[in-house]
There are 2 protein chains.
Amino acid sequence: MKLITRNTDYALRAICYIAKQKNVVTVTELVRVLGVPRPFMRKILQQLSKEKILKSYKGQSGGFKLKLFPEKIFIIQIMHIFQGQVSLSECFLKKDICPNRGKCVLRKKIRQIENNALGQLRQISIASLVKG
Amino acid sequence: MKLITRNTDYALRAICYIAKQKNVVTVTELVRVLGVPRPFMRKILQQLSKEKILKSYKGQSGGFKLKLFPEKIFIIQIMHIFQGQVSLSECFLKKDICPNRGKCVLRKKIRQIENNALGQLRQISIASLVKG
DNA sequence: ACAAAAGATACTAATATGGTATCATTACTC
DNA sequence: GAGTAATGATACCATATTAGTATCTTTTGT
Ligand code: FES
Ligand code: FES
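Residues numbered from 1 in each chain as written. Chains lettered and ligands numbered in written order. Predicted model: local features only at pLDDT ≥ 70, side-chain atom pairs only at ≥ 80, totals over all residues. Heavy atoms only, no water.

**Quick word on the overall build of chain A**
Each helix and strand counted, chain A has 6 helices and 2 strands in total. Secondary structure elements in chain A, listed N-terminal to C-terminal, are α-α-α-β-β-α-α-α. A compact globule built from 132 residues should have a C-alpha radius of gyration of about 14 Å, whereas chain A, at 18 Å, is more than 25% larger. Its C-alpha atoms put chain A at 60 × 30 × 25 Å along the principal axes. (Helix = DSSP H or I, 4+ residues; strand = E, 2+ residues; numbered from the N terminus. Rg over C-alpha atoms; globule rule 2.2 N^0.38 Å.)

**Concerning unusual backbone geometry**
Here Lys 52 of chain A, not a glycine, exhibits a phi torsion of approximately 65°, which is positive. Residue position: Lys 52 of chain A is located in the loop between α3 (38–50) and β1 (54–57).

**Notes on the protein's contact with DNA strand C**
Neighbouring DNA strand C are 26 residues, the closest being Arg 6, Lys 43 and Gln 60 of chain A together with Arg 42 and Ser 56 of chain B. One of the side-chain nitrogen or oxygen atoms of Lys 43 of chain A is found 2.6 Å away from a base oxygen of DNA strand C. Ser 49 of chain B places a side-chain nitrogen or oxygen 3.3 Å from a phosphate oxygen of DNA strand C. Counting residues per element, the ones that place at least two in the surface near DNA strand C are α1 (6–20) and α3 of chain A together with α3 (38–50), β1 (54–57) and β2 (63–66) of chain B. When grouped by side-chain class, the residues that make up the surface near DNA strand C number 6 nonpolar, 13 polar and 7 charged. (Near = heavy atom within 4 Å. Polar contact = N/O pair within 3.5 Å; in protein donor to acceptor, adjacent residues only side chain to side chain. Nonpolar A, V, L, I, M, F, W, Y, C, P; charged D, E, K, R; others polar.)

**A short note on the interface of chain A and chain B**
In this complex, chain A contributes 42 residues to the contact, which on the side of chain B involves 42 residues. Note on chain A versus chain B: buried area summed over both sides is about 3,900 Å², and carbon and sulfur give 67% of it. Three residues, Met 1, Phe 92 and Ile 113 of chain A, lead the burial of chain A against chain B; their summed loss comes to 22% of the area buried on that side. Along the contact surface separating chain A from chain B lie 2 salt bridges. (Contact = heavy atoms within 4.5 Å. Buried area = accessible area lost by both parts, 1.4 Å probe. Salt bridge = Lys/Arg side-chain N within 4 Å of Asp/Glu carboxyl O.)

**Quick notes on the packing of helix α1 (residues 6–20) of chain B against α3 of chain B**
Residue and element names in this part refer to chain B. Interaxial distance between α1 and α3 falls to 10 Å at its minimum, and their mutual angle equals 75°. It follows that α1 is roughly perpendicular to α3 by the angle criterion. Contact residues: Asn 7, Tyr 10, Ala 11, Ala 14, Ile 15 and Ile 18 in α1; Phe 40, Met 41, Ile 44, Leu 45 and Leu 48 in α3. Its residues assigned to classes, the contact of α1 with α3 shows 10 nonpolar, 1 polar and no charged. (Axes fitted to C-alpha atoms, helices over the stretch in contact; angles between N-to-C directions. Parallel < 35°, antiparallel > 145°, perpendicular 65-115°, else oblique.)

**As for the relation of the copies chain A and chain B**
Under the fitted operation, chain A is carried onto chain B by 0.0 Å of movement along the axis and a turn of 180°, and the coordinates agree to an RMSD of 0.1 Å. This pairing of chains is accounted for by a two-fold axis. No C-alpha of chain A approaches the rotation axis more nearly than that of Ala 117 of chain A, which lies at 3.3 Å. A symmetric contact is evident, with 100% of the interface residues of chain A recurring at the interface of chain B. (Least-squares fit on C-alpha atoms with pLDDT ≥ 70 in both.)

Spatial relationships are all this shows, so hold off on functional conclusions.
Written as structure tokens, this is what we have:
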């Protein structure tokens, strides 16, 4: 079981790399640095640019830059993009079978854990990763 | 993205229900109470009994009981059974590309979150769920 | 013997993940 | 303004995981 999938992971590393560069970064360069399959990397970067995390420049000598400051990008945003809403506490039982959702202890406990983890993920910015 | 899958969820609820009963509980009863497909429920219970969480009784008027006290069964054990090891912090990059695993900030941060979540999961017993 | 339970095992369906492939568009360079 | 080197868009494919079915065997109380 993984909390972070491969594309999120690659995306994070790509963003970190880009954050450290002064100029635009091309897919070619990222592929060389990260050793990730080129078409996959491309797809990931395109998604990130569609989601306004990266800014893209077409044409010769184009590439990608961060659209936001590294302090303004958080792990959880990237997870959302590639993994959808992180929801640990959705009830799998039919609605009419567990009518007392409000009192359900299991759900409450799990929601607690969720909130903790999300709280932490919300605080980890790209900036804090790059500094290390 | 789900931290807890359907079979873990069903297993937890089944265990909770069984914990509350005095006598053995049959699949038929659980299916009625939880509204889960019968063959699926059967499979789940069989796994639980193979993993020594439940004790099974064959033959007429057979069924399942807890093998351990509810205080001794923890959510994380059930997750292990159905979802394998929970590992958030495995590195997806090729080993030779990120040689400085020790210093990797991303990895360290994620490991932190993992430890937190696992710590909490390790503490939630069936007993604490049933009390509510 | 019979019925009602679980055990074992193999199979199938649906969904999510991890990619490829291809063609269109943009923009710098000469 | 043609060529080239970049991204954009989109459709497709492969694999793994999750969710569930089907079937047959074994056990045991009556
Ligand atoms: S059983 Fe559905 S919310 Fe707890
Ligand atoms: S990049 Fe592999 S451990 Fe951080």
